[in-house]
Amino acid sequence: MKFKSFIYTALASTLLFTSCDLNKLHVFDDDTQAFIAFAGTKSSVSVSESTDAAGSVIEIPMLCASVKGVTATVNFALTDTAYAEGIRAVEGVDYVVKSVTTYTLDAQNNRINEVTTDLSVAGTEKVVKFDADHRFATLVIETIDNDSQDGDKKFDVVLTGAQGCQLGAFDTYAVTISDDESPMNQFVGTYTLSGTNAFDGSTVTWDVNVYRDDVDENKIWLQPIVAVNGLGAADVMPVYALVDLVAENIQLPYGQTVYGGPDLGINLVIAGYNGEPVLTGAAVCNYVMDGKSVSFTIPFLGAGDTVANAWWYAATENITLTKK
């Protein structure tokens with residue numbers, strides 16, 4: 001099956017940056033605009049309590065954004081006060097802070113000038129140091145598997161006390177440790193999605209983050225389930241699916257919005273296909289659970305705009321998701 005993509009100028013226009021003076025080039029000022037923040041496209045992560053009989057490793061990226069490279073430091077704290085007492089993750093009980101590595105990147109995006117600080121030693125100061133040769137950092141935290149079913153645990157990593165530059169807006173990173181003794185939590189994690197692009201037959205792959213719903217114990221959320229040209233992974237809204245542990249299947253309802261909304265001029269939704277877009281019902285797929293590995297296949301999933309009735313912005317066949 002081959003599809004013809006529809007190019008909609010309203011989508012492109014929402015992704016353009018505009019300026020009051022198009023002839024004036026903005027210059028980044030290190031003295032007033034350099035900042036430290038968490039890096040990447042997400043501000044949270046959900047990981048299993050253990051992976052392959054060992055604690056799961058959480059790698060949290062940071063950066064010091066500047067042109068010439070500034071000398072600066074930032075403290076970080078682990079806090080659980082934003083969560084109810086019963087789901088608070090405790091350092092030393094539910095997780096340990098292992099290390100922080102600072103580095104910069106060469107022209108091929110390879111790490112160079114790596115310096116690693118061991119943070120597992122009691123009393124080690126939780127601080128990250130940046131300079132022109134160390135513009136990036138990766139904080140490594142490892143979960144502790146307690147072999148008991150005691151529910152998910154949550155905590156935040158918070159950046160504080162920046163010196164040498166300002167603190168960016170992206171200063172809090174939320175972590176959920178999923179209790180792997182719960183069958184539903186075996187679905188939580190990062191999956192590799194592999195499928196066939198229905199436009200040209202090429203193979204496409206990307207990562208999909210899967211996490212549990214806070215209220216419905218049988219509901220999971222997936223992001224991003226489709227890849228749309230012009231949108232980053234963080235721009236694609238998560239969609240939910242229902243897990244039936246008895247029937248051993250996953251039901252992904254069609255018609256869920258992944259970008260925009262019915263009243264926003266553009267409303268990209270996921271759909272099936274039977275000669276025309278299918279917006280009702282759900283993609284039902286059996287899952288295979290081998291130990292703590294999970295995989296399932298969706299025959300087809302695409303996205304189109306219900307406001308303009310424009311199809312397709314994305315169309316992928318033979319989609320297989322496999323938990324890493």
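Model, not experiment: these values are computed from the prediction. (Residues numbered from 1 in each chain as written. Predicted model: local features only at pLDDT ≥ 70, side-chain atom pairs only at ≥ 80, totals over all residues. Heavy atoms only, no water.)

## Digging into the packing of aromatic side chains
Inference 1: On inspection of all chains with the given rule, the structure shows 11 aromatic pairs.
Inference 2: Relative to tyrosine 240, the ring of tryptophan 221 has its centre 5.7 Å away and its plane inclined at 65 degrees; by these criteria the two rings are edge-to-face. One end of the pair, tryptophan 221, is in strand S16 (residues 219-223); the other, tyrosine 240, is in strand S17 (residues 239-244), with 19 residues separating them in the sequence.
Inference 3: Ring centres 6.0 Å apart and planes at 70 degrees place the aromatic pair tyrosine 273 and tryptophan 312 in the edge-to-face group. Of this pair, tyrosine 273 sits in strand S20 (residues 267-273) while tryptophan 312 is found in strand S24 (residues 310-323), placing the two residues 39 residues apart along the sequence.
Inference 4: For tyrosine 273, a relative accessible area of 33% gives the class partly exposed. (Phe/Tyr/Trp six-rings, centres within 6.5 Å; stacked < 30°, edge-to-face > 60°. Helix = DSSP H or I, 4+ residues; strand = E, 2+ residues; numbered from the N terminus. Buried < 20%, exposed > 50% of the residue type's maximum accessible area, 1.4 Å probe, protein only.)

## Regarding the nonpolar core
Inference 1: In terms of nonpolar packing, the biggest core is built from 40 residues, with Leu222, Ile225, Val226, Leu252 and Leu321 touching the most fellow members.
Inference 2: Once residues within four sequence positions are removed from consideration, leucine 252 is found in contact with Leu222, Ile225, Val239, Tyr240, Ala241, Ile270, Ala282, Ala283, Ile298 and Leu301.
Inference 3: Ranked by size, the runner-up nonpolar core spans 31 residues in total, among them Ile58, Ala72, Ala137 and Cys165. (Core = buried A, V, L, I, M, F, W, Y, C linked by side-chain atoms within 4.5 Å. Contact = heavy atoms within 4.5 Å.)

## Brief notes about the pairing of S17
Inference 1: Going residue by residue along S17, you find Val239, Ala241 and Val243 tucked away on one face and Tyr240, Leu242 and Asp244 left uncovered on the opposite face.
Inference 2: Relative to S17, S16 runs antiparallel, the two being bridged by 4 bridges. Bridged to lysine 219 within S17 is leucine 242.
Inference 3: One ladder, built from 3 bridges, connects S17 with strand S18 (residues 249-253); its direction is antiparallel. (Pairing = 2+ DSSP bridges.)

## Observations concerning the sheet that holds strand S12 (residues 166-167)
Inference 1: The strand order across the open sheet built from 6 strands is S8-S7-S10-S5-S1-S12, with neighbouring strands paired in mixed fashion. Edge positions in the sheet fall to strand S8 (111-118) and S12, since each has one partner strand and no second.
Inference 2: Taken together, the 6 bridges between strand S7 (residues 95-105) and S8 define a ladder with antiparallel strand orientation. Paired with valine 100 across the bridge in S8 is threonine 117.

## A short note on the environment of lysine 153
Inference 1: Tracing the chain through its elements places lysine 153 in strand S11 (residues 153-163).
Inference 2: Sequence separation between lysine 153 and glutamate 49 is 104 residues; the distance between their C-alpha atoms is 9.2 Å.
Inference 3: Here lysine 153 is in contact with Gly86, Ile87, Arg88, Ala89, Asp94, Val175, Thr176 and Ile177, once residues within four sequence places are set aside.

## Quick word on the environment of valine 204
Inference 1: With respect to the helices and strands, the residue valine 204 is situated in strand S15 (residues 203-212).
Inference 2: Taking the relative accessible area as the measure of exposure, valine 204 reaches 18% and is therefore buried.
Inference 3: Distance from valine 204 to threonine 316, taken between C-alpha atoms, is 8.3 Å for residues 112 residues apart in sequence.
Inference 4: Discounting chain neighbours no more than four positions away, the residues touching valine 204 are Leu193, Ser194, Gly195, Thr196, Asn197 and Thr316.

## Re the pairing of strand S13 (residues 172-178)
Moving residue by residue along a regular strand, the side chains alternate between the two faces of the sheet.
Inference 1: Where burial is concerned, most of S13 is hidden: 5 out of the 7 residues are buried.
Inference 2: Two elements, S11 and S13, share 6 bridges in a ladder whose sense is antiparallel. Across the sheet, residue lysine 153 finds its bridge partner in S13, namely isoleucine 177.

## Quick word on the pattern of salt bridges
Inference 1: Overall, the coordinates contain 5 salt bridges when judged by the stated rule.
Inference 2: Of the charged contacts in the structure, one is a salt bridge between lysine 153 and aspartate 94, with a shortest N-O distance of 3.8 Å. Taken together, the residues lysine 153 in strand S11 and aspartate 94 in the loop between strand S6 (72-79) and S7 connect sequence positions 59 residues apart.
Inference 3: With a shortest N-O distance of 3.4 Å, arginine 111 and glutamate 114 are connected by a salt bridge. (Salt bridge = Lys/Arg side-chain N within 4 Å of Asp/Glu carboxyl O.)

## Some words on the side chain of aspartate 80
Inference 1: Mapped onto the fold, aspartate 80 is located in the loop between S6 and S7.
Inference 2: Although buried, aspartate 80 forms no salt bridge, and the nearest oppositely charged side chain, arginine 88, lies 4.3 Å from it.
Inference 3: If we ignore the near neighbours within four places in the chain, the residues touching aspartate 80 are Arg88, Ala89, Lys154 and Phe155. (Lys, Arg positive; Asp, Glu negative; His and termini not counted.)

In short, geometric facts, not functional conclusions.
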